[in-house]
Amino acid sequence: MGIAEFARDGRTVLGDRPGAVVVAAVTGFLLLDLVAKLAGTTVFFLGAKLLGGSLTVGSLLSMVVDGLLVGLAVGLAGIGLSMTYSILDFANFAHGDTVTAGAFLGWVAAYITAGLGTGAPIAELFMLNSGRQLSTVSTLFPVLLGLVVAGVGSVGIVLLVDRLTYRPMRDADNISLLIASIGVALAMRYLIAFLFGTQTSGVASGGLRVTVLSTVSVTDNEITLLVVSLLLMLGVHLLLQRTKLGKAMRAMADNEDLARVTGIPTERVIRLTWILGGSLAGIGGYLLVLESGTISFNFGWVLLLLIFAAVIVGGIGSIYGAMAGGVLIGLVDSLALIWLPSGLTRASAFLVLIVVLLLRPSGIFGGVSTA
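As annotated in an unreviewed UniProt entry, the chain is Branched-chain amino acid ABC transporter permease from Haloarcula terrestris. For the record of the chain, the UniProt heading Subcellular location (unreviewed entry) holds the text "Cell membrane". What UniProt states about the chain under its Sequence similarities (unreviewed entry) heading is, verbatim, "Belongs to the binding-protein-dependent transport system permease family. LivHM subfamily."

Put into structure tokens, the structure is as follows:
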């Protein structure tokens, strides 16, 4: 009788959720293949390699660390996008270029500060062309100053854009706001290209390498990204749960009309939402450049796809979902190198997005109900 019930339950799962069964089967195969690779074993079937190969534990841990670092920065930038959607109810396509603008402002400030007294022309420092590579250890004050400038500068940009573009359209439909955000994104991107050119500039390099777990090493810049991201995420959590502003933001995300009726100053909350989201976007972009070492006029636009994926996977409108989704997308993008060429790893991140939407359309954290 027990076997019959088990078989009946299995048929029910296959009939009701075949997608979940396929995902479980693929996940199981990949885990088995990963174990075989770590063991240095290769399994052949009819002369063709079925699974296995060669992968060291050190290489796997390095991929996990890289994915975690990128995921934290993506999640940090995604918080602003998720807040904009939950409170203003539109997808802000200019968010990626806000990330770029904040990163450029921060790195220009860091470069000029680090170059003072060295005799380097201000023009070269402004254009990030002096050839110097900054790091947290060797140029601590310029790097920290650039971090602050990236956040403050991004706030100024988003408030200006909101005042000139979004505020006059506050009562417009979502499609109009979305199209306006695309126009803002194009204007920002090509203004940056006009000022700084379209080349990729190298601006940062690790000045100190620390070995952890005997096989994995991280640089001082990567440690800075990790510490700053975790502290800011903790700060956002405390803001949402322990302050009146956080409660007002959650109230507006749930029901803006009811929040207005109960006396919540909605325009003030919107302004503070732009301030918080813009600062996190700029800081996230600055930290990503600190970790990767390079910056270009369109890196935020390219990154926007990953940010959207993280926000949707976590549950669009959920701040915690943006954090968790960013880490998940970063890990998938990094670990996909085990099975895919480097040019296709981004596709794996969007495959995870599709799978999550098929199995849980509201995302991992289920939307605005989780703040």
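Moving on from the model shown.
A.B. asks: Which residues make up the packing of aromatic side chains, and what are the values?
C.D. replies: Counting across every chain of the model gives 7 aromatic pairs. Between Phe93 and Phe308, the aromatic rings sit 5.1 Å apart at their centres with planes inclined by 40°, giving tilted as the arrangement. Remark: Phe308 occurs in helix H12 (residues 299-314) and Phe93 occurs in the loop between helix H3 (57-88) and helix H4 (95-115); sequence separation between them is 215 residues. On the accessibility criterion, Phe93 (24% relative accessible area) is partly exposed. A ring pair is formed by Tyr190 and Phe297, whose centres lie 6.3 Å apart and whose planes are at 45°; its orientation type is tilted. Here Tyr190, found in helix H7 (residues 174-196), pairs with Phe297, found in the loop between strand E6 (294-295) and H12; they are 107 residues apart in sequence, far enough to count as distant. Of the residues examined, Phe297 reaches a relative accessible area of 13% and is grouped as buried. Ring-pair connections join several aromatic residues into one group, and the members of that group are Phe90, Tyr166 and Trp274. It is Arg189 that lies over the ring of Trp301; its NZ or CZ is 4.1 Å from the centre.

A.B. asks: Would you mind going over the pattern of salt bridges in detail, with residue names and values included?
C.D. replies: A complete count under the given rule lists 3 salt bridges for this structure. Between Asp33 and Lys37 there is a salt bridge, with the nearest N and O atoms lying 2.6 Å from each other. Of this pair, Asp33 and Lys37 both sit in helix H2 (residues 18-39), 4 residues apart, roughly one helical turn. According to the relative accessible area criterion, Asp33 is buried, its value standing at 4%. Classification of Lys37 by relative accessible area gives buried; the value is 10%.

A.B. asks: Pulling in residues and values, what's your account of the pairing of strand E2 (residues 48-52)?
C.D. replies: Relative to E2, strand E1 (residues 42-45) runs antiparallel, the two sharing 4 bridges. Its bridge partner lying in E2, Thr42 is registered against Gly52. Remark: 2 residues form the turn of the hairpin made by E1 and E2, two consecutive strands paired antiparallel; Leu46 in that turn has positive phi of roughly 55°.

A.B. asks: How would you explain a nonpolar patch on the surface if you had to name every residue and give the values?
C.D. replies: Together, Val22, Val26, Phe29, Leu30, Val43, Phe45, Leu46, Leu50, Trp339, Leu340 and Leu344 make up a nonpolar patch on the protein surface, roughly 1,000 Å² of accessible area in all. Secondary-structure elements contributing two or more residues to the nonpolar patch are H2 and E1.

A.B. asks: I'd like a rundown of the packing of H4 against H12, residues and numbers included.
C.D. replies: In the contact formed by H4 and H12, the axes pass within 7 Å of each other and the chain directions differ by 130°. As summarised for this structure, H4 and H12 are arranged oblique, according to the angle between their axes. Note that H4 runs across H12; the crossing there is right-handed. Counted together, His95, Gly96, Asp97, Val99, Thr100 and Ala103 of H4 and Phe299, Gly300, Trp301, Leu303, Leu304 and Ile307 of H12 form the full contact between these two elements. Residue classes in the contact of H4 with H12 are distributed as 7 nonpolar, 4 polar and 1 charged.

A.B. asks: Before we move on, can you summarise the UniProt feature "transmembrane region" (unreviewed entry) in the chain with the specific residues and values?
C.D. replies: Under the UniProt annotation, "transmembrane region" (unreviewed entry) lies at residues 21-48, 68-88, 100-120, 140-162, 174-196, 223-240, 269-289 and 295-313. Between the first and last C-alpha atoms of residues 68-88 the distance is 29 Å; the span itself is 100% helix and 0% strand. In the segment residues 140-162, helix accounts for 100% and strand for 0%; the C-alpha atoms at its two ends are 33 Å apart.

A.B. asks: Any chance you could break down the packing of H3 against H12 for me, citing the residues and the numbers?
C.D. replies: At a closest axis distance of 9 Å, the pairing of H3 and H12 adopts a crossing angle of 75°. When the interaxial angle is binned, H3 and H12 end up roughly perpendicular. Here Val74, Ala77, Gly78, Leu81 and Ser82 of H3 lie close against H12, whose contacting residues are Leu303, Leu306, Ile307, Phe308, Ala310 and Val311. Residues that form the contact of H3 with H12 fall into these classes: 9 nonpolar, 2 polar and no charged.

A.B. asks: Residues and numbers for helix H14 (residues 345-359), please.
C.D. replies: Over its 15 residues, H14 extends 22 Å from the first C-alpha to the last, a length consistent with the 21 Å expected when each residue adds 1.5 Å. If you check which residues of H14 are buried, you get Thr345, Ser348, Ala349, Leu353 and Val356. Relative to the axis of H14, the buried residues are bounded by an arc of 150° and lie together on one face. Looking at H14, the residues exposed on the side facing more than 90 degrees away from the buried face are Leu351 and Leu358. Those residues of H14 hidden inside the fold are in contact with H12 and helix H13 (319-335).

A.B. asks: Please set out helix H8 (residues 220-242) residue by residue, giving values where relevant.
C.D. replies: Here H8 spans 32 Å end to end across 23 residues, near enough to the 33 Å set by a 1.5 Å rise per residue. Listed as buried for H8 are Asp220, Asn221, Glu222, Thr224, Leu225, Val228, Ser229, Met233, Val236, Leu239 and Leu240.

A.B. asks: Requested: an account of the nonpolar core, with residues and values cited.
C.D. replies: Judged by nonpolar contacts, the single largest core of 85 residues is most densely connected at Ile79, Trp107, Tyr166 and Ile295. With 12 residues, helix H11 (residues 266-292) is the single largest residue contributor to this core. Setting aside its immediate chain neighbours within four residues, Trp107 contacts Leu128, Leu134, Val203, Ala204, Tyr286, Val289, Leu290 and Ile295. Residues Leu34, Leu55, Leu60 and Met63 belong to the second largest nonpolar core, which totals 5 residues.

Cut-offs applied
- Residues numbered from 1 in each chain as written.
- Predicted model: local features only at pLDDT ≥ 70, side-chain atom pairs only at ≥ 80, totals over all residues.
- Heavy atoms only, no water.
- UniProt positions renumbered as here; feature names shortened; annotations may be inferred.
- Phe/Tyr/Trp six-rings, centres within 6.5 Å; stacked < 30°, edge-to-face > 60°.
- Helix = DSSP H or I, 4+ residues; strand = E, 2+ residues; numbered from the N terminus.
- Buried < 20%, exposed > 50% of the residue type's maximum accessible area, 1.4 Å probe, protein only.
- Lys NZ or Arg CZ within 6 Å of the ring centre and 35° of its normal.
- Salt bridge = Lys/Arg side-chain N within 4 Å of Asp/Glu carboxyl O.
- Pairing = 2+ DSSP bridges.
- Patch = residues over 30% accessible without salt bridge, like charges linked within 9 Å, V, L, I, M, F, W, Y side chains within 5 Å.
- Areas by Shrake-Rupley, 256 points an atom, 1.4 Å probe, with all protein chains shown as cover.
- Axes fitted to C-alpha atoms, helices over the stretch in contact; angles between N-to-C directions.
- Parallel < 35°, antiparallel > 145°, perpendicular 65-115°, else oblique.
- Left-handed = near helix turned anticlockwise from the far one by under 90°.
- Contact = heavy atoms within 4.5 Å.
- Nonpolar A, V, L, I, M, F, W, Y, C, P; charged D, E, K, R; others polar.
- Expected span 1.5 Å × (residues − 1).
- Arc of directions from axis to C-beta.
- Core = buried A, V, L, I, M, F, W, Y, C linked by side-chain atoms within 4.5 Å.

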